[in-house]
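Commentary on secondary and tertiary structure
Each chain, written out:
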Amino acid sequence: TTDTGDTTETSDLVYAVEAGSAGEAVATEKGWEFTSVTAQADALMEVDAGTSDAAIIDLLMAATMTGEGTSYPDLVYDAEGLTTEEYGIGCRKGSDLAAYINTVLAESYADGSMAEIAATYGIEDALVEQPAAEEFTPAESDSDVAYIQDKGTLVVGITYFAPMDYKEEGSDEWIGFDADMAKLVAEKLGVEIEFIVIDWNNKIMELDSKNIDVVWNGMTLTDEVTSSMECTNPYVNNAQVVVTKAQ
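The paragraphs below set out a description of the structure included in this document. Not measured: the values here are computed from a predicted model.

Topic: the pattern of salt bridges
Counted according to the given criterion, the structure contains five salt bridges. One salt bridge in this structure joins Arg92 and Asp213, with 3.1 Å as the shortest N-O distance. With Arg92 in the loop between strand E5 (85-91) and helix H4 (97-110) and Asp213 in the loop between helix H8 (203-208) and strand E8 (214-220), this pair connects stretches of sequence that are 121 residues apart. The same class applies to Arg92 as to Asp213, namely buried. Close ionic contact of Lys183 with Glu173 constitutes a salt bridge, the shortest N to O distance being 2.9 Å. One end of the pair, Lys183, is in helix H7 (residues 177-189); the other, Glu173, is in the loop between strand E6 (153-158) and H7, with ten residues separating them in the sequence. Taking the relative accessible area as the measure of exposure, Lys183 reaches 23% and is therefore partly exposed.

Written as structure tokens, this is what we have:
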């Protein structure tokens, strides 16, 4: 779905953005007035309630959650977007888990299972082609892969973000493209999976303190992210878009 309304990017508007997000970075760079909220879903609630004029969120969320037949039928987004960017998966700096995940991404891209999962959530056209799989070699010391296998659980840091990580109404199970791909990695590691909702602004701290093992939640590969985390290859294309009420 694309925008059918008339959205205006002006300095007169107050934008709702997720704290620590690429959307917040865009608003800061442009000098726009904004209110930071805990999650992108909260930014949509702000616009819907009229407490913010517009939101800056990820294209993939806007396409899933705004417009006719969605959670926010009265909201529209500007399909042109403010940026083009890519998602990556974040591990602790120096972690061998990123290389392990890259292997799973490459194998699942090659055998078509990644595209199959993506099609379930309507994002198959956004996939980034993956390089050929390389054989994984665990780190000789301080291996995160060994640490995760020893404790028997892969702990994934997320926020509520359809179509990447979310729950169906009345269900306790996390689903979405990212959630399903994380489950695939846990399965290949031979461990259980646990999803923990984090404060997006504290994602690096959550990783470094070992509260979580990986950030897997439609994370844009910004300079801050790539300098603070060991990141995987890009796997999904995205953009930041402006969401407003339909005129």
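From this point on, the discussion continues.
Points about helix H5 (residues 113-120)
Turning to H5, its buried residues are Met114, Ile117 and Ala118. Angularly, the buried residues of H5 cover 100° about the axis, an arc narrow enough to put them on a single face. When the buried face of H5 is taken as reference, the exposed residues oriented beyond 90 degrees from it are Glu116 and Thr120.

What about the nonpolar core?
One finds Phe177 and Trp216 to be the most contacted residues of the largest nonpolar core, which totals 58 residues. The biggest single contributor to this core is H7, with eight residues. Not counting chain neighbours up to four residues away, the residues in contact with Trp216 comprise Ile89, Ile101, Val156, Gly157, Ile158, Asp165, Asp178, Met181, Ala182, Val185 and Tyr235. Counting residues in each nonpolar core, the second largest holds eleven residues, with Val155, Ile198, Val215 and Met219 among its members.

A word on the pairing of strand E1 (residues 14-18)
Counting buried positions over the five residues of E1 gives five, a clear majority of the element. What you see with E1 is no split at all: Val14, Ala16 and Glu18 on one side and Tyr15 and Val17 on the other are buried throughout. Sheet topology note: the E1/strand E2 (residues 33-37) ladder contains five bridges and is parallel. Looking at the pairing, Val14 lines up with Glu33 of E2. With helix H1 (residues 22-30) bridging E1 and the parallel E2, this β-α-β connection has right-handed handedness.

Quick look at the layout of surface pockets
One way to see where empty space is left: roll a probe the size of a water molecule over the atoms. For the largest pocket, the calculated volume is near 230 Å³. For the largest pocket, the lining is made up of 23 residues, of which Gly20, Ser21, Ala22, Trp200 and Thr222 are closest to its centre. Here the residues of the lining of the largest pocket sort into eight nonpolar, ten polar and five charged. If you go around the second largest pocket, you meet 14 residues; those closest to its centre are Leu59, Leu60, Gly122, Ile123 and Ala126. No other element matches the four residues that helix H3 (residues 59-65) contributes to the lining of the second largest pocket. The class makeup of the residues in the lining of the second largest pocket is eight nonpolar, four polar and two charged.

What to know about the sheet that holds E1
Across the sheet, five strands lie side by side as E2-E1-E3-E11-E4; this open sheet has mixed pairing. Of all the strands in the sheet, the pair left with one neighbour each is E2 and strand E4 (75-77). When the angles between neighbouring strand axes are averaged without regard to direction, this sheet yields 30°. Pairing between E4 and strand E11 (residues 240-245): three bridges, direction antiparallel. Each residue of the ladder has a partner; that of Tyr77, found in E11, is Val243. In this fold helix H2 (residues 40-49) packs onto E1, E2, strand E3 (54-58), E4 and E11, with an angle of close to 155° to the strand it touches most, E3.

Criteria and cut-off values
Residues numbered from 1 in each chain as written. Predicted model: local features only at pLDDT ≥ 70, side-chain atom pairs only at ≥ 80, totals over all residues. Heavy atoms only, no water. Salt bridge = Lys/Arg side-chain N within 4 Å of Asp/Glu carboxyl O. Helix = DSSP H or I, 4+ residues; strand = E, 2+ residues; numbered from the N terminus. Buried < 20%, exposed > 50% of the residue type's maximum accessible area, 1.4 Å probe, protein only. Arc of directions from axis to C-beta. Core = buried A, V, L, I, M, F, W, Y, C linked by side-chain atoms within 4.5 Å. Contact = heavy atoms within 4.5 Å. Pairing = 2+ DSSP bridges. Right-handed = clockwise from strand over helix to strand, strands pointing away. 1 Å grid on protein atoms, 1.4 Å probe; cavity = no way out; pocket = protein on both sides within 12 Å on 5 of 7 lines; lining within 4 Å. Points joined across faces, edges and corners; volume = space filled by probe spheres on them. Nonpolar A, V, L, I, M, F, W, Y, C, P; charged D, E, K, R; others polar. Axes fitted to C-alpha atoms, helices over the stretch in contact; angles between N-to-C directions.

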